[in-house]
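Each chain is listed here by its residues.
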Amino acid sequence: MDDTSAAAPGIDPTQPHPARRYNYWLGGKDNFAADRASGDELQKHFPKVRLGALANRALLQRATRFLTAEAGIRQFLDIGTGLPTADNTHEVAQRHAPASRVVYVDNDPLVMVHARALLNSSPEGRTAYIEADLNDPDAILRHPVLHETLDLTQPVGLMLVAVLHFIHGDGAATPIVRRLLDALPSGSYLVATHATSDFGTPEQQALYQQLIAQGRSDVWTRPKAEFAGLFEGLELVSPGVVPASEWRPEPGAEIPERSDINVWTAVGRKP
């Protein structure tokens with residue numbers, strides 16, 4: 001992407017952004033030099049980080065298919081959308097249930113520009129887009145577009161895929177998740193993935209903490225216990241809390257080493 005001509009108003013191409021870095025790792029072209037430099041630095045220290053991004057994306061697709069085809073969910077709130085690639089949430093959902101409705105939320109103006117251009121709904125369903133920040137869940141929940149698109153008296157699939165680790169601080173993600181879940185009815189589901197350092201060596205864990213302290217990484221990793229606590233009060237769907245590549249993998253799929261993925265995953269139902 002040309003950093004000078006492609007930057008829309010409100011976009012700073014000199015500052016890396018998680019959605020664009022993720023796009024770079026997935027092989028996309030909607031990123032700037034700063035995003036590529038950030039991605040390359042993390043990959044230099046953690047060579048398998050791209051595998052984790054790919055596993056995370058595949059998990060989003062499998063979990064969406066489960067919610068639609070098996071759990072009967074027809075509404076999705078996807079926060080931290082990222083830049084469009086193949087098989088986005090609405091595409092997977094509407095493949096199995098064409099009337100599915102999806103609201104995408106992201107805080108990057110570039111994501112919203114691309115989402116409106118590329119994320120086209122099926123005739124029977126609907127997609128909508130909100131530019132908002134996960135740090136302010138109330139702004140998302142009161143947004144008129146959300147209420148125009150989804151019926152919050154009916155179950156919703158809340159997708160928090162590879163976004164909670166941008167909420168920094170021990171325990172800081174929990175009240176945000178609670179606030180969002182409290183606004184959803186019984187029968188709703190939470191799908192979440194989260195970066196972790198649990199599978200790294202002590203040296204790798206120390207290095208990562210150093211990168212965070214120096215501002216060279218914006219991903220706040222969390223251990224399994226804290227991630228699992230986000231699902232307190234929900235009914236965990238089998239196989240529970242596992243790495244992304246181990247949550248209902250495709251038949252015959254090769255399962256990577258956990259240290260190659262470093263992403264916890266779980267799906268839970270609100271009773």
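As a reminder, the structure under discussion sits directly above these lines.
Quantities reported herein were computed from a predicted structural model and do not represent experimental measurements.

(A) Molecular detail of the pattern of salt bridges. Counted under the stated rule, the structure contains seven salt bridges. For R65, the salt bridge goes to E250, with nearest N and O atoms at 3.0 Å. Remark: E250 occurs in the loop between β7 (242-243) and α11 (258-261) and R65 occurs in helix α3 (residues 49-70); sequence separation between them is 185 residues. Salt-bridge contacts for E246 lead to R258; the nearest nitrogen and oxygen are separated by 2.9 Å. Here the residue E246 occupies a position in the loop between β7 and α11, and R258 occupies one in helix α11, the gap between them amounting to 12 residues. Its relative accessible area of 35% is what places R258 among the partly exposed residues.

(B) The packing of aromatic side chains, seen in detail. All chains considered together, the criterion is met by five aromatic pairs. Judged by centre distance (5.8 Å) and plane angle (80 degrees), the ring pair of F66 and W247 falls under edge-to-face. One end of the pair, F66, is in helix α3; the other, W247, is in the loop between β7 and α11, with 181 residues separating them in the sequence. Considering the side-chain rings of Y104 and Y129, the 6.2 Å spacing of their centres and the 5 degrees angle between planes classify their relative orientation as stacked. You can see Y104 sitting in strand β2 (residues 101-106) and its partner Y129 sitting in strand β3 (residues 126-131), a full 25 residues away along the chain. A residue is classified by how much of its surface remains accessible, and Y104, at 1% relative accessible area, is buried. By relative accessible area, Y129 is classed as buried at 14%. Through pairs of rings, three or more aromatic residues link up here, namely F66, Y189 and W247.

(C) A look at the pairing of strand β1 (residues 75-79). Within β1, five of the five residues are buried, which leaves the element mostly enclosed by the surrounding structure. Neither face of β1 is exposed, since Q75, L77 and I79 on one face and F76 and D78 on the opposite face are all buried. Here β1 pairs with β2 via five bridges, running parallel. When the sheet's bridge partners are listed, I79 is paired in β2 with V105.

Parameters at a glance
By convention here, each chain's residues receive numbers from 1 onward along its written sequence. Side-chain atom pairs in this predicted model are given and counted only at pLDDT of 80 or more, local residue features only at pLDDT of at least 70, and totals for whole chains, interfaces and linings cover all residues. As a rule here, side-chain values come from all non-hydrogen atoms in the structure, and water together with hydrogens is ignored. The salt bridge definition used is simple: a Lys or Arg side-chain nitrogen within 4 Å of an Asp or Glu carboxyl oxygen. Under the DSSP-based scheme used, a helix requires at least four consecutive residues in state H or I and a strand at least two consecutive residues in state E, with every element numbered from the N terminus. The buried label applies to any residue whose accessible area, calculated with a 1.4 Å probe on protein chains only, is under 20% of its type's maximum; exposed applies above 50%, and partly exposed to all values in between. When two rings of Phe, Tyr or Trp (its six-membered ring) have centres within 6.5 Å they constitute a pair, described as stacked for plane angles under 30 degrees, edge-to-face for angles over 60, and tilted for the intermediate range. What makes two strands pair is DSSP finding at least two bridges between them.

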